[in-house]
Amino acid sequence: KSFIAGGCGGICLVVVGHPLDTIKIRIQTTDLYKGTLDCAMQTIQKEGPLGLYKGMSAPLYGVTPMYALCFFGYGVGKKIFCNETTFEDQDLLRIGAAGAVSGLFTTPILAPGERVKSLLQVQGADGKYKGPMDAAKQLYAEGGLASVNRGFCATMLRDSGASFFYFSVYEYLKAKLVPDGDTSKHVAGTLFAGGMAGMCNWLAVLPVDTLKSKLQVAPDGKYPHGIRSVFAEVMKNDGPTALYRGLTPVLLRAFPANAACFMGMETAVKVLTWMGL
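To keep things clear, this report deals only with the structure shown in the data block. Here the structure is a predicted model, which means the values were calculated and not measured.

**Remarks on the overall build of the protein chain**
Part 1 of the argument: In terms of regular secondary structure, the protein chain is built from nine helices and zero strands.
Part 2 of the argument: Going residue by residue from the N terminus, the α and β elements of the protein chain occur as α-α-α-α-α-α-α-α-α.
Part 3 of the argument: Taken across its 277 residues, the protein chain has 51% of its residues classed as buried.
Part 4 of the argument: Once local pairs closer than 6 in sequence are excluded, the contacts in the protein chain between residues at least 24 apart make up 76%.
Part 5 of the argument: When the accessible area of the protein chain is evaluated, it comes to approximately 13000 Å², of which 66% is carbon and sulfur surface.
Part 6 of the argument: Averaged over its 27 positive side-chain charges, the protein chain has a centre that lies 4 Å from the centre of its 21 negative ones.

Written out as structure tokens, the structure is:
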């Protein structure tokens, strides 16, 4: 049930949020745009509306197993860190720690998927890669698994930190806004809890995500020490504010995408339960 429900939530998240994710990646990795709207307009003018959906098939391919692993990892984390009174007492530190465990499970899928997605998102209309599979094949041919998985540790750091806030904020707001646990009666509360969870998770880890994005699209050998090298370059050339590049599209994307994710997941759980599964 968690596998199917998690996949439904993930598909909702990707479809709703991918255009703004493309804008975020482009703003983070280049200096060609004045802001969110300028990036969107330039992309549509040069590549058409579908340019905003470049690389979407990569996260869609992995979204079902990734979200299944995410919620499975959260379940493992709850067994490790939580007890029978954790959720009743709203012990957010324990809930957050349980959420952070999920990042350990999702990274093996997300790291190579985001490496491919980011490269597809930043290339122009006549780019090097024809699609996700072609990009993965070329990366493997050029540098093996190390190239495909570039940014693995950075992805794990980002996702474990993000999931700490993601699940703790969601569980806290859901307890306040959906006190009886019936999400079908409190659709607005579920949407708001999911949306705010997504925004808080990105506010917490956007600097790590910026470093990860720059690392994953950089030419081979540019950053020999991973995100440490990226961090040193960003601090030297652009300063701390550069770590929050793409904040506007991130927040614009985070609320509707994560609201859709949790609503899709909760709805799928209820449908599966109704079907007796």
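**A short note on the environment of Asp-159**
Part 1 of the argument: By the secondary structure assignment, Asp-159 is in helix 6 (residues 152-177).
Part 2 of the argument: Separated by 51 residues in the primary sequence, Asp-159 and Thr-210 have C-alpha atoms spaced 13 Å apart.
Part 3 of the argument: Beyond its immediate chain neighbours, meaning those up to four positions away, Asp-159 contacts Gly-103, Thr-106, Thr-107 and Leu-110.

**Digging into the nonpolar core**
Part 1 of the argument: The biggest cluster of nonpolar side chains holds 26 residues, and the ones touching the most others in it are Leu-13, Tyr-67, Phe-71, Tyr-166, Phe-167, Ala-197 and Phe-262.
Part 2 of the argument: Counting only elements with at least two residues in this core, the list comes to helix 1 (2-29), helix 3 (57-81), helix 4 (92-122), helix 6, helix 7 (187-217) and helix 9 (247-274).
Part 3 of the argument: Counting residues per element, this core draws most heavily on helix 3, which supplies six residues.
Part 4 of the argument: Setting aside anything within four residues of it in sequence, one finds Tyr-166 in contact with Leu-13, Ala-197, Gly-198, Asn-201, Asn-258, Cys-261 and Phe-262.

**With respect to the pattern of salt bridges**
Part 1 of the argument: On inspection of all chains with the given rule, the structure shows 14 salt bridges.
Part 2 of the argument: With a closest N to O distance of 2.8 Å, Asp-31 and Arg-245 form a salt bridge. On the criterion of sequence distance, the pair formed by Asp-31 in the loop between helix 1 and helix 2 (36-47) and Arg-245 in the loop between helix 8 (227-237) and helix 9 is long-range, its members being 214 residues apart.
Part 3 of the argument: Given a relative accessible area of 62%, Asp-31 falls into the exposed group.
Part 4 of the argument: Taking the relative accessible area as the measure of exposure, Arg-245 reaches 23% and is therefore partly exposed.

**Side note on helix 5 (residues 132-148)**
Part 1 of the argument: Along its 17 residues, helix 5 runs just 11 Å from first to last C-alpha, ending more than 12% under the 24 Å computed at 1.5 Å per residue.
Part 2 of the argument: At Glu-142, helix 5 shows its strongest bend, of approximately 110 degrees.
Part 3 of the argument: Residues Pro-132, Ala-135, Leu-139, Gly-144, Ser-147 and Val-148 constitute the buried set of helix 5.
Part 4 of the argument: On its buried face, helix 5 is in contact with helix 3 and helix 4.

**Concerning unusual backbone geometry**
Part 1 of the argument: A positive phi is found at Gln-90, a non-glycine position, where the angle reads about 55 degrees.
Part 2 of the argument: With respect to the element layout, Gln-90 can be found in the loop between helix 3 and helix 4.

**What to know about the environment of Ser-229**
Part 1 of the argument: Note on placement: Ser-229 falls in helix 8.
Part 2 of the argument: The class of Ser-229 is buried, set by a relative accessible area of 15%.
Part 3 of the argument: As for Ser-229 and Leu-211, which are separated by 18 residues in sequence, their C-alpha atoms are 9.3 Å apart.
Part 4 of the argument: The contacts of Ser-229, once residues within four sequence positions are left out, are Tyr-223 and Pro-224.
Part 5 of the argument: There is a polar contact of 3.0 Å between the side chain of Ser-229 and the backbone nitrogen of His-225.

**Thoughts on the packing of helix 4 against helix 5**
Part 1 of the argument: Following both chains from N to C, one finds helix 4 and helix 5 inclined at 125 degrees, their axes separated by 10 Å at the closest point. In terms of axis orientation, helix 4 runs oblique to helix 5. Here helix 4 runs over helix 5; the crossing is right-handed. Contact residues: helix 4 offers Ala-111, Pro-112, Arg-115, Val-116, Leu-119 and Leu-120, while helix 5 offers Pro-132, Ala-135, Ala-136, Leu-139, Ser-147 and Val-148.
Part 2 of the argument: Residue composition of the contact of helix 4 with helix 5, by class: ten nonpolar, one polar and one charged.

**Concerning the packing of helix 4 against helix 7**
If you want to describe how two helices pack, look at the angle between their axes and the distance between the axes.
Part 1 of the argument: The contact between helix 4 and helix 7 brings their axes to 9 Å, and the two run at 75 degrees. Here helix 4 is positioned roughly perpendicular relative to helix 7, judged by the angle of their axes. When helix 4 is examined against helix 7, the residues Ala-111, Glu-114, Arg-115, Ser-118, Leu-119 and Val-122 are found in contact with a partner set consisting of Lys-212, Gln-216 and Val-217.
Part 2 of the argument: Tallied by class, residues from the contact of helix 4 with helix 7 come to four nonpolar, two polar and three charged.

What counts and what doesn't
The residue numbers shown here count from 1 along each chain, following its written sequence. Whole-chain, interface and lining totals are the exception, using all residues; otherwise, since this is a predicted model, local features are given only for residues with pLDDT of at least 70 and side-chain atom pairs are given and counted only at 80 or more. Only hydrogens and water are set aside when side-chain values are computed; all heavy atoms of the structure are taken into account. We count a stretch as a helix when DSSP gives it H or I for four or more residues in a row; a strand needs E for two or more, and each element gets its number in order from the N terminus. Buried, partly exposed and exposed residues are distinguished by accessible area as a fraction of the type maximum, computed with a 1.4 Å probe on protein chains only: under 20%, between the cut-offs, and over 50%, respectively. Two residues qualify as a contact provided that any one of their heavy atoms is within 4.5 Å of a heavy atom in the partner residue. Only the protein chains shown count as cover for residues, with accessible areas throughout obtained via the Shrake-Rupley method and a probe of 1.4 Å. Counting rule for charge: Lys and Arg are taken as positive, Asp and Glu as negative, and neither His nor the chain ends is counted. Taken as the charge location is NZ of Lys, CZ of Arg, CG of Asp or CD of Glu. Residues belong to a common nonpolar core when they are buried Ala, Val, Leu, Ile, Met, Phe, Trp, Tyr or Cys residues joined through side-chain atoms within 4.5 Å. Counted as salt bridges are all cases of a side-chain nitrogen of Lys or Arg within 4 Å of a carboxyl oxygen of Asp or Glu. A helix is expected to reach a length of 1.5 Å times the quantity of its residues less one. Throughout, bend refers to the angle between the axes fitted to the seven residues that end at a position and the seven residues that start at it. Here a polar contact is taken to be a pair of N or O atoms separated by no more than 3.5 Å, where protein atoms must pair a possible hydrogen donor with a possible acceptor and residues adjacent in sequence count only if both atoms sit in side chains. Inter-axis angles, ranging from 0 to 180 degrees, are taken between N-to-C directions of lines fitted to C-alpha atoms, where helices are fitted over the stretch in contact. Oblique is the label for any angle not under 35 degrees, not over 145, and not in the 65 to 115 range, which are roughly parallel, roughly antiparallel and roughly perpendicular in turn. Handedness of a helix crossing follows the sense of rotation of the near helix relative to the far helix, less than a right angle counterclockwise being left-handed and clockwise being right-handed. Classification convention: Asp, Glu, Lys, Arg as charged; Ala, Val, Leu, Ile, Met, Phe, Trp, Tyr, Cys, Pro as nonpolar; all other residues, Gly among them, as polar.

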